[in-house]
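Now for the letters of each chain:
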Amino acid sequence: MKTSNKIFNKWVFTVILLVIAVNFNSCTDDLNKEPLNTLTNDKQFNSVDGYKQGLASVYSNLVYNTFLRFYWSMQEYSTDMAVSTWNDGGDGIYHELAWSADSPAITNVYNASLSIITLCNNFINESSDQALSDRGFSGSDIDKIKQYQAEIRYLRAYCFWILMDAYGNPPFPTENNLGTSSPEQIQRADLFAFIESELKAIEPMLADPRTNERGRPDKAADWALLSRMYLNAKVYTGQEHYTDAITYSKKIIDAGYQLETNYSWLMLGDNYLNTNEFIWTINFNNTNITWYGTNFLSLGAAGVPASINGMSGSWNAFRFTQQIPALFPTSDTSVDKRAQFYTNGQNLEVDNISTSTDGYSAYKYRNVTREGTPITQNNNYGNIADIDFPVFRLAEIYLTYAEAVLRGGTGGDTSTALNFINEIRGRAYADDPSSSEGNITTSDLTLDFILDEKAREFYWEAQRRTDLIRFDKLTSGNYLWAWKGGVKEGRSVDDKYNLFPIPTADLLANPNLVQIDGF
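Nothing here was measured: the structure is a model prediction, and the numbers come from that model.

### Let's talk about the packing of helix 16 (residues 394-406) against helix 17 (residues 414-430)
Here's step 1: Where helix 16 contacts helix 17, the axes come no closer than 9 Å and their chain directions differ by 145 degrees. Of the two possible hands of crossing, helix 16 and helix 17 adopt the one that is left-handed. Each of A395, Y398, L399, Y401, A402 and V405 in helix 16 lies in contact with helix 17, whose residues at this interface are T414, T416, A417, F420, I421, E423, I424 and R427.
Here's step 2: Among the residues making up the contact of helix 16 with helix 17, the classes are represented as 10 nonpolar, 2 polar and 2 charged.

### A word on the pairing of strand 2 (residues 278-282)
Here's step 1: Counting buried positions over the 5 residues of strand 2 gives 5, a clear majority of the element.
Here's step 2: Where strand 2 meets strand 6 (residues 389-393), 4 bridges bridge the pair, whose relative direction is antiparallel. When the sheet's bridge partners are listed, W280 is paired in strand 6 with F392.

### Here we look at the packing of helix 4 (residues 48-64) against helix 7 (residues 105-126)
Here's step 1: Packing of helix 4 against helix 7 brings their axes to within 10 Å, and their N-to-C directions diverge by 170 degrees. One finds that helix 4 runs roughly antiparallel with respect to helix 7. Mapping the contact onto sequence places Y51, G54, L55, V58, N61 and L62 in helix 4 and I116, L119, C120, F123 and E126 in helix 7.
Here's step 2: Of the residues belonging to the contact of helix 4 with helix 7, the class tally is 8 nonpolar, 2 polar and 1 charged.

### Some details on the side chain of R366
Here's step 1: Relative to the assigned elements, R366 resides in the loop between strand 5 (361-362) and strand 6.
Here's step 2: One buried charged side chain, R366, makes no salt bridge at all; its nearest oppositely charged neighbour is D270, positioned 8.9 Å away.
Here's step 3: Excluding residues within four positions of it along the chain, R366 makes contact with S264, M267, L268, G269, S298, I308, N309, Q340 and I387.

### Observations concerning the packing of aromatic side chains
Here's step 1: As enumerated under the stated definition, the model contains 43 aromatic pairs in all.
Here's step 2: The interplanar angle of 85 degrees and the centroid separation of 5.3 Å between the aromatic rings of Y158 and W280 together place this pair among those described as edge-to-face. A residue pair is termed long-range when its members are at least 10 positions apart, and Y158 in helix 9 (residues 139-167) and W280 in strand 2 qualify at 122 residues. Grouping residues by exposure puts Y158 and W280 together as buried.
Here's step 3: When the centroid spacing of 6.2 Å and the interplanar angle of 80 degrees are considered together, the rings of F328 and Y459 count as edge-to-face. With F328 in the loop between strand 3 (318-319) and strand 4 (341-342) and Y459 in the loop between helix 18 (447-458) and helix 19 (464-470), the pair connects residues that are 131 residues apart, well separated along the chain.
Here's step 4: A relative accessible area of 7% means that F328 is categorised as buried.
Here's step 5: Its relative accessible area of 0% is what places Y459 among the buried residues.
Here's step 6: Here the aromatic cluster, defined as three or more aromatic residues joined through ring pairs, consists of W72, Y77, F296, F318, F320, F328, F341, Y360, Y459 and W460.
Here's step 7: Taking NZ or CZ as reference, R393 lies 4.1 Å from the ring centre of F458, over its face.
Here's step 8: The aromatic ring of F519 is capped on one face by K496, whose charged end is 4.7 Å from the ring centroid.

### Side note on the pattern of salt bridges
Two side chains bearing opposite charge may form a pair once their charged atoms approach each other closely.
Here's step 1: Under the criterion given, the structure shown has 33 salt bridges.
Here's step 2: A salt bridge links K234 to E240; the nearest nitrogen and oxygen atoms lie 3.6 Å apart.
Here's step 3: The class for K234 is partly exposed, based on a relative accessible area of 46%.
Here's step 4: Overall, the relative accessible area of 47% leaves E240 in the partly exposed class.
Here's step 5: Measuring nitrogen to oxygen at the nearest pair gives 3.0 Å for the salt bridge that ties E457 to R338. Taken together, the residues span a long stretch of sequence, with E457 in helix 18 and R338 in the loop between strand 3 and strand 4 at a distance of 119 residues.
Here's step 6: Among the residues examined, R338 registers a relative accessible area of 0% and is labelled buried.
Here's step 7: Salt bridges here are not isolated pairs; linked through shared partners, they connect E277, D336, R338, K364, R393, R425, R427, E453, R456, E457 and E461.

### Digging into the nonpolar core
Here's step 1: One finds W161, I195, F318 and W460 to be the most contacted residues of the largest nonpolar core, which totals 146 residues.
Here's step 2: Here the element with the most residues in this core is helix 9; it accounts for 16 residues.
Here's step 3: Once residues within four sequence positions are removed from consideration, W161 is found in contact with Y71, I195, L225, R228, M229 and Y236.

The rules behind each value
Residues numbered from 1 in each chain as written. Predicted model: local features only at pLDDT ≥ 70, side-chain atom pairs only at ≥ 80, totals over all residues. Heavy atoms only, no water. Axes fitted to C-alpha atoms, helices over the stretch in contact; angles between N-to-C directions. Helix = DSSP H or I, 4+ residues; strand = E, 2+ residues; numbered from the N terminus. Left-handed = near helix turned anticlockwise from the far one by under 90°. Contact = heavy atoms within 4.5 Å. Nonpolar A, V, L, I, M, F, W, Y, C, P; charged D, E, K, R; others polar. Buried < 20%, exposed > 50% of the residue type's maximum accessible area, 1.4 Å probe, protein only. Pairing = 2+ DSSP bridges. Parallel < 35°, antiparallel > 145°, perpendicular 65-115°, else oblique. Lys, Arg positive; Asp, Glu negative; His and termini not counted. Salt bridge = Lys/Arg side-chain N within 4 Å of Asp/Glu carboxyl O. Phe/Tyr/Trp six-rings, centres within 6.5 Å; stacked < 30°, edge-to-face > 60°. Lys NZ or Arg CZ within 6 Å of the ring centre and 35° of its normal. Core = buried A, V, L, I, M, F, W, Y, C linked by side-chain atoms within 4.5 Å.

Rendered as structure tokens:
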């Protein structure tokens, strides 16, 4: 189990049994109700420690509900990055690009995100100026609580971004209508404007970059979400924000982050050590049981044995299509060390989606230390991962900067962009960001190269669907992969599959909702 001089994770794990109870299968009409607590709000929020415990309870819902596993499925199975052996929860419809408003799989991320938003809304109400005054708080105590509130508003903004990216025009529950009425629906461009304004408003209240406790967002996490939103703004709003993407990328770059020297360290059981590169993480600890965290990413990779993943035998859940290994110079780490493909007993071609040996796998996620020692298990199952999931890391910011420059954003330049890309490739080819191995030239630096480099750097990190949509390659015939659209050779599909529909159950429960076009 990882150790740290930070105490916030102890808070998170202490309050798991006290966490606000929410039925994650509820529709938004239910989610609009105030959450059920083991303590009343007045008892929970009667001290600064009580507010911190409330903060931790919201974080624990992000970690221990279904969010990460199902968000990963939505982002990767719908692309060339993964095919599912299990069709667990309807994962097969993702790869076929054939979901409907009645498909169970599309409800998972929707419900989990709205559940967390509801908890955030409750915390925001309980930390309002009036609530703090009524409870007799003053001075530095108010300052601490307001920082906690800013972090909660960040988590809410992040979940709203998930809904905006995936569902387009989702319901919009806020602290103002919590428990009083069914939430209204918000249009995608309006939600973009709301998230943007929230992130800018809370920035001064967040901790400076790299000064907060591990897993708690700071100013750099705020800038990272803005930079990702701005890079995709044309998809969300029809308006380009590439200059803004450069501006906020530079804020992070200037804050002192550096690439870790070894790519293989990024997804290990002791990756909490990666403070140079990680900007914001979802943290896991094997003392606490969940099947929806990074143990799924370590154990789910097809064929990878316990001697490599550090826990137990593979669940044989997912593999790549053959298009992903083709992006690398070889299918092993002899050239590009990111090519951590597991090929023993695996076929390159995916002839049958449900055959676990069709498609290469990878050992990117391993519950071992940098020295290769399995992490000691502190549970009765023996296969719970300690691997933290980096929502944002510096390599993404470098690639965002470069792509925004190539797309015409101002405030950056091609020479600097090239240097950032070559740092990523120096790490990939020589475990040294300053190495010239793997370097490309200005003529190589194209948008198509950026998309491929993003795939090489971020495979199985839940970013591929959003990237392909930005490049108009998810639904179109501009790029095909094995079993895209449900046929072996791949095919284009209706553009409506760039989004997921509002689940039918919510449409029936909330009269304020209207289905998105095409569904």
